[in-house]
Amino acid sequence: MREGCIERITAFLTSTTGITFDRKKEMVDHKLKELMRKSAIGECEELYSRLIDKEALYYALLEELLVSQSFFYREKSDIDLLVRFLQKRSGISILSLPCANGEEPYSIAIELMERKIEDFDILAIDLNPKAIAKAKKGHYGARDLRNVPFSILAKYFDEEEEGYRIKENVKKKVEFVCANLFEQSQAPFSFDAIFCKNLFIYMDDSHKMEALDIFHRWLKDDGLLFLSFSDYFKAHPCFDRISKECRSIYKKVECDEKSRLYTEWGDG
Ligand SMILES: C[S@@+](CC[C@H](N)C(=O)[O-])C[C@H]1O[C@@H](n2cnc3c(N)ncnc32)[C@H](O)[C@@H]1O
């Protein structure tokens, strides 16, 4: 395949998703060839023009390229902190983006229910259609559940022939949507907390800043943003760490409209 064409495809994917593929060139090359073969596309140029129209092919490619690995009770100490933060609140609204196969939003729902917090709902968004389909099914293998205590497993899952299925009372607390964060930016959301874990590690700097602008709009004034221990961004004028110890949990701070625009914001 012609080098220039592959580069244009990866640049297009990065511009729409924020995900960089710089260190995965061979894998991208392989997946593109496979997709062309399966879809009977002879020329890379033809594939490119069909991808920019965001045909079903675009999503088929994303399914192959996006890393939707997760597991239940990942970074559980953050879920504990969230639960403490939400005590005594009502009408709680939480965003889990990216939610991958549902492991994160279901873990949060279970822990809230365990602490008798019932007045909440969780919106769970991911760009990978395959991951959202799995999340809606709610069926998991033992490996996905390796950190879940046995008592929780018995209470919130039904054992099936091959694995475990999440119970309906947990399922109904989470709404799953397949969407791209950057195409939702104008949605009028208002969340008490946003979990955005293990997305920034794959993202370029300008998209991280754009994501933070969006989250700033979507958080209530006293809302919290939870990133992963391994996510990183340089600084953003509208977010401060809640403490030195909690290095990946942020509160929203006052910032004027101008400084919020990442394009006008320097290196910090
Ligand atoms: C490693 S998973 C993270 C799952 C979970 N938050 C965790 O920490 O275990 C990363 C997910 O980001 C999703 N993703 C990548 N770009 C996205 C975007 N622009 N909008 C929504 N989801 C995106 C991928 O589909 C993938 O499922």
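What you see is a predicted model; the values in this text were computed from it and never measured.

> Teacher, can you tell me more about the site of the ligand here?
Around the ligand, the surrounding shell holds 21 residues, and the nearest of these are S68, S70, R74, P98 and D126. Within the backbone of P98, a nitrogen or oxygen atom sits 2.7 Å from a nitrogen atom of the ligand. Given that more than half its atoms are within 2 Å of the pocket grid, the ligand belongs to the largest pocket. Across the shell around the ligand, the residue classes break down as 10 nonpolar, seven polar and four charged.

> Is there a simple way to explain the sheet that holds strand β1 (residues 92–96) in this structure?
Hydrogen bonds between backbone groups are what pair the strands of a sheet, and the pairing can be parallel or antiparallel. Across the sheet, seven strands lie side by side as β6-β2-β1-β7-β8-β10-β9; this open sheet has mixed pairing. Two strands close off the open sheet at either side, each with one partner strand: β6 (174–178) and β9 (239–241). Looking at each pair of strands side by side, their axes are set apart by 20° on average, direction ignored. Looking at chain direction, β1 and strand β2 (residues 120–126) are connected through five bridges and run parallel. Across the sheet, residue L95 finds its bridge partner in β2, namely L123.

> For this particular structure, what's the right way to read the side chain of K31?
Tracing the backbone through its elements, the reader meets K31 in helix α2 (residues 25–38). Residue classification places K31 among the buried positions, given a relative accessible area of 18%. With near-sequence residues (within four places) excluded, K31 lies in contact with L61, E64 and L65.

> Sorry if this is basic, but what is going on with the domain arrangement of the protein chain here?
A common way to report how large an interface is uses the accessible area buried once the components associate. Looking at the assigned domains, one finds that the protein chain contains domain 1 (3–65) and domain 2 (76–264). Distance from the C-alpha centre of domain 1 to the C-alpha centre of domain 2: 28 Å. Every contact between the two is made by 13 residues of domain 1 and, on the other side, 12 residues of domain 2. Applying the counting criterion to the domain 1 and domain 2 interface returns one salt bridge. For the salt bridge of K54 with E183, the shortest nitrogen-to-oxygen distance reads 2.5 Å. Taken together, the links from domain 1 to domain 2 amount to seven residue pairs in polar contact (both at pLDDT 80 or more). Contributions of two or more residues to the side of domain 1 that touches domain 2 are made by α1 (3–17) and α4 (56–65). Among the elements that line the side of domain 1 that touches domain 2, the one with the most residues is α4, at five residues.

Rules used throughout
Starting afresh in each chain, residues are numbered from 1 along the sequence in its written order. Reporting in this predicted model follows two pLDDT cut-offs: at least 70 for local features of residues, and 80 or more for side-chain atom pairs to be given and counted; totals over whole chains, interfaces and linings ignore these cut-offs and use all residues. Working from all heavy atoms in the structure, the side-chain values ignore hydrogens and water. Nearness is defined per residue: one heavy atom within 4 Å of the molecule or strand is enough. For this analysis, a polar contact is any N or O atom pair within 3.5 Å, provided that within protein one partner can donate a hydrogen and the other can accept it, and provided that sequence-adjacent residues contribute only side-chain to side-chain pairs. Within this scheme a cavity is a closed region of a 1 Å grid, computed over the protein atoms alone, that accommodates a 1.4 Å probe without allowing it to escape, whereas a pocket is open but has protein on both sides within 12 Å along at least five of seven lines; lining residues each have an atom within 4 Å of a point. For this analysis, a molecule is said to be in a pocket or cavity if more than half of its atoms are within 2 Å of the grid points defining it. The classification used treats Ala, Val, Leu, Ile, Met, Phe, Trp, Tyr, Cys and Pro as nonpolar, Asp, Glu, Lys and Arg as charged, and all other residues, Gly among them, as polar. In this analysis, strands are considered paired if DSSP registers two or more bridges between them. Numbering of helices and strands runs from the N terminus; a helix is a DSSP stretch of H or I covering at least four residues, while a strand is a stretch of E covering at least two. With axes taken as lines fitted to C-alpha atoms, and helix axes fitted only over the stretch in contact, angles between N-to-C directions fall between 0 and 180 degrees. Type-normalised accessible area, obtained with a 1.4 Å probe on protein chains alone, sets the label of each residue: buried when under 20%, exposed when over 50%, and partly exposed for intermediate values. Two residues form a contact once any of their heavy atoms are found within 4.5 Å. Boundary definitions for the domains trace back to an automatic or database domain assignment. Each salt bridge in this description consists of a side-chain nitrogen of Lys or Arg and a carboxyl oxygen of Asp or Glu lying within 4 Å of one another.

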